[in-house]
Amino acid sequence: MTPVLELVDLHRRFGATIALDGLSFAVPSGQVVGFLGPNGAGKTTTMRAVFGLVDLEAGEVRWDGRPIGARERRRFGYMPEERGLYRGMRVGDQLDYLGRLHGLDAPGARAASTRWLERLGIADRVASKVEDLSHGNQQRVQLAAALVHDPELIVLDEPMAGLDPAGIDAIGEVLTEEARRGKGVLFSSHQLDLVEDLCESVSIIDHGRLVAGGLVDELAHQGSRRLVVRVEGDRDGAWARSVPGVTISESDGGASRLVLDATTDSDAVLRAAMAAGRVTQFSFERRRLSEVFREALT
Amino acid sequence: MIAALLANAHALPVGVKVLIALVIAGVVVPLRIARYRRRRARRTGAGAPATAPAERPRTTRRSVLERVVSRDVALVASREVRERLRGRLFKVGTLVVLAVVAGAILIPRFTSGKATPPRVGVVGGLSAEVRAAVVSASRSAGTAASLVSEPSEAAARAALERGGVDLAVIDARLVLVKTALTTSDASTAAAVARGVATYLGDANALASAHLTPQQAAALRGAMAVPITGLHPSKRHRTLADATTLMGIILIFIVLQQYNNWIIFGVMEEKGSRVVEVLLSTVRPLRLLTGKVLGIGLVALLQAAIILAFALALAGAVGSTILHGAQPLHLLGIFVWLILGYAFYCWVYAAAGSMIERQDQVQAASFPLAVPLTVGYISAIIALSGTSVSLYSQILAYLPPTAPFMMPALVGLGAVTWWQFLASALLCIAATVLLARGAGVVYRRSILRTGTRVRIREVLARSA
């Protein structure tokens, strides 16, 4: 059985602020798990708790069924929200150092650094100081720092923040590949479309509690039915407002995204649309992750 | 020096033997504890599940540091040493100190080297009297003046003007110099001129007294009655004082510089957020220990470079600046350099963990610099005094000030070996407590960013 990261009933408060309020979820190996929540929901505190950087008031973090200790953490890779590297240190030396701190020997760390720098397309910057690199390349080095010791679990806090599309694709590709190799990957992001593309499952938290979670496909098919209807001459779906049991989720370029109550008949909606004009599109669609997210938080 | 000490171990005073034992114990005991802990950790699996795969690879080679301390601490310390030695700050700083040391050794040597034996012009025949006067005056002035015969007083004056001679004796009745002497003129030529004048004056007085040559010789051979002091002469103490003074200044400079490195180093790790990456795999106290150990090793290396350079240069140019340095004093300074660093490094590291910007360094380090500076200044004052005050004796046992005051008392010969040992043990005990406290402050502060952390908040907060 592949190991699983389990967060069980985590509690932590900072003064009057409750950061974690009985949070529980799991990250199975071989999956990319998206970790979502509004600002201040407790995502960073949760990730820090995995690495023992936050003292929990209650609850437990387990790996492979056992409480996590220093030994286990050495086999994890971490990319914190606020990037952290020695600015004046050479890229290669930095990765060697971090690799060795995670247990690699000197030749092993050197080989792994070289491999990751090549994989991320910055092998020519091995002797450069971090402060001389562009933001995107610094981000790549930071990712390499989290991966250099070939961790079993990779935890990344906002790894794509501030990256251009090419950088996002490169990091996304690496994470997917690592999950395919059997690693557990947990990453937080506010870019919901990106999470939807990359992740097999998500955990959504708010006020330190899990409010939704599961496989992205299952979440997409849960909840109310969604219709996308396009009526000629209608830009904002005004016709749908008078249909009982229908809510307009959004209107974009003449296509209205409608959410139907459980009792609403889709035929009735079609008839209302045809009455409003010529219907050029009428299709059922799955829930977007952004909708899952919004609904979970309401 | 160590080889020489060991070779003559039987002849060493008890104090030196105790110091050597202390230094050896300081190295061996932590080594044994580290080995014991490693063995125990291997036996118990350090609390990890027995079935957990060992994450530590089969390393092919272990560094010297890794044999003494844990692998994490050794890696952190090695990085500190490597990056610091590579940095411009160490190279430029060391060169500046070496330049100052070279100046301190070479300038006195250079200026004293200019005191070439004076040339004495003689007008009116080179009589035995004049020759004896010049020889006697030269010997008193610690030189060997040469004699030049001048045909006339005018020629002697001309020679004085152009610098051909430094003084001229005219017919054994007058001594001419280029510029009139003042009471403060302490040059060799002035001393010879005064000596010759006195000698010739005495000779003329003896001649006019119509004494027999034997009587005159007896008078010339008259010696002053001896003056015996109750305490050793100041001259005797000066050499030891110079060594101690330089040692205390060295301790102060090293502590100042490397404590600043620590506060800046910890602050930069916090400010750049790299500490969060490090702490995801290294325990806070180990990270902290590695840091202060690494910077401490750089400090020791720099101190060793400075000392070796000073000894080599002084030996090469024949300087007497380090003569009189007793092994006891040097060893005492060395021990207190290490103890002082060990004591202060933790508090500076804890202070560094509470700030994250350069403009906060001053406010954070000021309260820590106060006891350090008080200890330093008090030690300097004590060294120049004639007796050891109660205040100095108290400071010699307080861990924050002992690194300065105890070497001062050693230099003054006002401390016994057991007092030295008691103060050292007190300092070590305080350092252990301080390290624990600093570890707590560091752990609670290092990830709190955004505002400067207050010590009250840190200590009040439950873990």
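Rules used throughout
- Residues numbered from 1 in each chain as written.
- Chains lettered and ligands numbered in written order.
- Predicted model: local features only at pLDDT ≥ 70, side-chain atom pairs only at ≥ 80, totals over all residues.
- Heavy atoms only, no water.
- Helix = DSSP H or I, 4+ residues; strand = E, 2+ residues; numbered from the N terminus.
- Buried < 20%, exposed > 50% of the residue type's maximum accessible area, 1.4 Å probe, protein only.
- Areas by Shrake-Rupley, 256 points an atom, 1.4 Å probe, with all protein chains shown as cover.
- pLDDT = per-residue confidence, 0-100.
- Patch = residues over 30% accessible without salt bridge, like charges linked within 9 Å, V, L, I, M, F, W, Y side chains within 5 Å.
- Salt bridge = Lys/Arg side-chain N within 4 Å of Asp/Glu carboxyl O.
- Lys, Arg positive; Asp, Glu negative; His and termini not counted.
- Charge placed at Lys NZ, Arg CZ, Asp CG, Glu CD.
- Phe/Tyr/Trp six-rings, centres within 6.5 Å; stacked < 30°, edge-to-face > 60°.
- Axes fitted to C-alpha atoms, helices over the stretch in contact; angles between N-to-C directions.
- Parallel < 35°, antiparallel > 145°, perpendicular 65-115°, else oblique.
- Left-handed = near helix turned anticlockwise from the far one by under 90°.
- Contact = heavy atoms within 4.5 Å.
- Nonpolar A, V, L, I, M, F, W, Y, C, P; charged D, E, K, R; others polar.
- Pairing = 2+ DSSP bridges.
- Polar contact = N/O pair within 3.5 Å; in protein donor to acceptor, adjacent residues only side chain to side chain.
- Core = buried A, V, L, I, M, F, W, Y, C linked by side-chain atoms within 4.5 Å.
- 1 Å grid on protein atoms, 1.4 Å probe; cavity = no way out; pocket = protein on both sides within 12 Å on 5 of 7 lines; lining within 4 Å.
- Points joined across faces, edges and corners; volume = space filled by probe spheres on them.

1. Quick notes on the overall build of chain A
Reasoning step 1: Counting secondary structure elements, chain A contains 10 helices and 14 strands.
Reasoning step 2: Within chain A, the fraction of its 298 residues that count as buried is 51%.
Reasoning step 3: Here chain A displays about 12,700 Å² of accessible surface, and carbon together with sulfur accounts for 48% of that area.

2. Side note on the confidence of the model for chain A
Reasoning step 1: Looking at chain A as a whole, the pLDDT averages 88, with 100% of positions reaching at least 70.
Reasoning step 2: Averaged over each element, pLDDT in chain A is lowest for helix α10 (residues 289-297) of chain A (81) and highest for helix α3 (residues 91-101) of chain A (94).

3. Considering a positive patch on the surface
Reasoning step 1: Taken together, the side chains of Arg90(A), Lys129(A), Arg88(B) and Lys91(B) define a basic patch exposed on the protein surface.
Reasoning step 2: Residue placement: Arg88(B) occurs in helix α5 (residues 88-113).

4. Examining the packing of aromatic side chains
Reasoning step 1: By the definition in use, this model includes 11 aromatic pairs over all chains.
Reasoning step 2: Look at Phe343(B) and Tyr344(B): their rings are 5.2 Å apart centre to centre, the planes differ by 85 degrees, and that puts the pair in the edge-to-face class. This pair shows no difference in class: Phe343(B) is buried, exactly as Tyr344(B) is.
Reasoning step 3: These aromatic residues form a ring-pair network of at least three members: Phe51(A), Trp63(A), Phe76(A) and Tyr78(A).

5. Comments concerning the packing of α3(A) against helix α4 (residues 71-86) of chain B
Reasoning step 1: Taken N-terminus to C-terminus, the directions of α3(A) and α4(B) make an angle of 165 degrees; their axes are 10 Å apart at the nearest point. One way to sum up the angle between α3(A) and α4(B) is to call them roughly antiparallel. For α3(A) against α4(B), the interelement crossing comes out right-handed. Only Arg71(B), Asp72(B), Leu75(B), Val76(B), Arg79(B), Glu83(B) and Arg86(B) of α4(B) make contact with α3(A), whose side of the interface consists of Asp93(A), Tyr97(A), Arg100(A) and Leu101(A).
Reasoning step 2: Looking at the contact of α3(A) with α4(B), its residues break down into four nonpolar, no polar and seven charged.

6. Here's the deal with the side chain of Ser272(B)
Reasoning step 1: Note on placement: Ser272(B) falls in the loop between α10 (234-271) and α11 (274-279).
Reasoning step 2: Residue Ser272(B) is classed as buried on the basis of its relative accessible area, which comes to 18%.
Reasoning step 3: Contacts of Ser272(B), omitting those with residues within four sequence positions, involve Arg83(A), Gly84(A) and Leu85(A).

7. Topic: a nonpolar patch on the surface
Residue and element names in this part refer to chain B.
Reasoning step 1: Together, Leu-297, Leu-300, Phe-334 and Ile-338 make up a nonpolar patch on the protein surface, roughly 280 Å² of accessible area in all.
Reasoning step 2: Of all the elements in the fold, those that place two or more residues in the nonpolar patch are α12 (284-317) and α13 (327-353).
Reasoning step 3: For Leu-300, the location among the structural elements is in helix α12.

8. Some words on the environment of Ala109(A)
Residue and element names in this part refer to chain A.
Reasoning step 1: With respect to the secondary-structure elements, Ala-109 resides in helix α4 (residues 106-119).
Reasoning step 2: In this structure the C-alpha to C-alpha distance between Ala-109 and Leu-98, which are 11 residues apart in sequence, comes to 8.3 Å.
Reasoning step 3: What Ala-109 contacts, discounting residues up to four positions off in sequence, is Asp-96, Gly-99, Arg-100, Leu-104 and Val-148.

9. A few points about unusual backbone geometry
Reasoning step 1: The phi torsion at Asp150(A) lies on the positive side, around 55 degrees, for a residue other than glycine.
Reasoning step 2: Relative to the helices and strands, Asp150(A) resides in the loop between α5 (135-147) and β7 (153-157).

10. Thoughts on the sheet that holds strand β13 (residues 255-260) of chain A
Residues and elements named next belong to chain A.
Reasoning step 1: Across the sheet, four strands lie side by side as β12-β13-β11-β14; this open sheet has antiparallel pairing. This sheet does not close on itself; its edge strands, each paired only once, are β12 (246-252) and β14 (279-285). Direction aside, neighbouring strands of the sheet carry axes that sit 20 degrees apart on average.
Reasoning step 2: Of the strand pairs in this sheet, β12 and β13 are connected by six bridges, and their pairing is antiparallel.

11. Notes on the side chain of Arg273(B)
Reasoning step 1: In this fold, Arg273(B) is placed in the loop between α10 and α11.
Reasoning step 2: A polar side-chain atom of Arg273(B) sits 3.3 Å from the main-chain carbonyl oxygen of Gly271(B).
Reasoning step 3: Among residues more than four places away in sequence, those in contact with Arg273(B) are Glu82(A), Arg83(A), Gly84(A), Glu356(B) and Thr449(B).

12. Focus on the nonpolar core
Reasoning step 1: Core analysis: the largest hydrophobic core is formed by 146 residues, its most contacted members being Leu5(A), Phe187(A), Val202(A), Tyr258(B), Ile262(B), Trp336(B) and Phe404(B).
Reasoning step 2: The element that contributes the greatest number of residues to this core is α13(B), accounting for 14 residues.
Reasoning step 3: Other than its neighbours up to four places away in sequence, Ile262(B) contacts Val292(B), Ile295(B), Tyr341(B), Cys345(B), Tyr348(B) and Ala349(B).
Reasoning step 4: Counting residues in each nonpolar core, the second largest holds 14 residues, with Val122(B), Ala133(B), Ala137(B) and Val192(B) among its members.

13. Regarding the confidence of the model for chain B
Residue and element names in this part refer to chain B.
Reasoning step 1: Per-residue confidence for chain B averages 79 on the pLDDT scale, and 78% of its residues sit at or above 70.
Reasoning step 2: Throughout residues 1-16 the model reports pLDDT below 50, and contacts reaching past four residues in sequence, or to other chains, amount to 14 contacts.
Reasoning step 3: Taken as a whole, residues 43-60 scores under 50 in pLDDT and shows 21 contacts with residues more than four places along the chain or in a different chain.

14. Let's talk about the sheet that holds strand β3 (residues 167-170) of chain B
All names here are of chain B.
Reasoning step 1: Spatial strand order, β2-β1-β3-β4: four strands in an open sheet with mixed pairing. Every other strand in the sheet has two partners, leaving β2 (146-150) and β4 (174-177) as the edge strands with one partner each. The sheet shows a mean angle of 25 degrees between the axes of neighbouring strands, taken without regard to direction.
Reasoning step 2: With four bridges joining them, β3 and β4 adopt antiparallel strand pairing. Pairing of Leu-167 across the sheet is with Val-177, part of β4.
Reasoning step 3: Strands β1 (119-123), β3 and β4 of the sheet are contacted by helix α8 (residues 188-208), whose axis makes an angle of about 15 degrees with β3.

15. Observations concerning empty space enclosed by the protein
Unfilled space is identified by rolling a water-sized probe across the atoms.
Reasoning step 1: Here the structure, examined in full by the defined rule, presents two cavities of 30 Å³ or more.
Reasoning step 2: Lining the largest cavity we find Arg48(A), Glu82(A), Lys270(B), Arg273(B), Val275(B), Glu276(B), Ile446(B), Leu447(B) and Thr449(B).
Reasoning step 3: Tallied by class, the residues present in the lining of the largest cavity amount to three nonpolar, one polar and five charged.
Reasoning step 4: Considering only enclosed or pocket space, the second largest cavity measures out at about 30 Å³ in volume.
Reasoning step 5: Around the second largest cavity, the lining residues are Glu196(A), Val216(A), Leu219(A), Ala220(A), Arg287(A), Arg288(A), Leu289(A) and Val292(A).

16. A look at the pattern of salt bridges
Working definition: two side chains of opposite charge can pair if their charged atoms are close together.
All names here are of chain A.
Reasoning step 1: Applying the stated criterion across every chain, the model contains 29 salt bridges over all chains.
Reasoning step 2: In this structure, the salt-bridge partner of Arg-288 is Glu-250, at a minimum N-O distance of 3.2 Å. On the criterion of sequence distance, the pair formed by Arg-288 in the loop between β14 and α10 and Glu-250 in strand β12 is long-range, its members being 38 residues apart.
Reasoning step 3: By relative accessible area, which is 28% here, Glu-250 ends up partly exposed.

17. Comments concerning the pairing of strand β2 (residues 17-28) of chain A
All names here are of chain A.
Reasoning step 1: Across nine bridges, the pairing between strand β1 (residues 4-14) and β2 is antiparallel. Within the sheet, the bridge partner assigned to Leu-10 lies in β2 and is Leu-23.
Reasoning step 2: Between β1 and β2, which follow one another and run antiparallel, lie two residues, and Gly-15 among them has a positive phi close to 65 degrees.

18. Examining the environment of Ala430(B)
Reasoning step 1: Mapped onto the elements of the fold, Ala430(B) is located in helix α17 (residues 417-445).
Reasoning step 2: Note: C-alpha distance between Ala430(B) and Pro400(B) (30 residues apart in sequence) is 9.2 Å.

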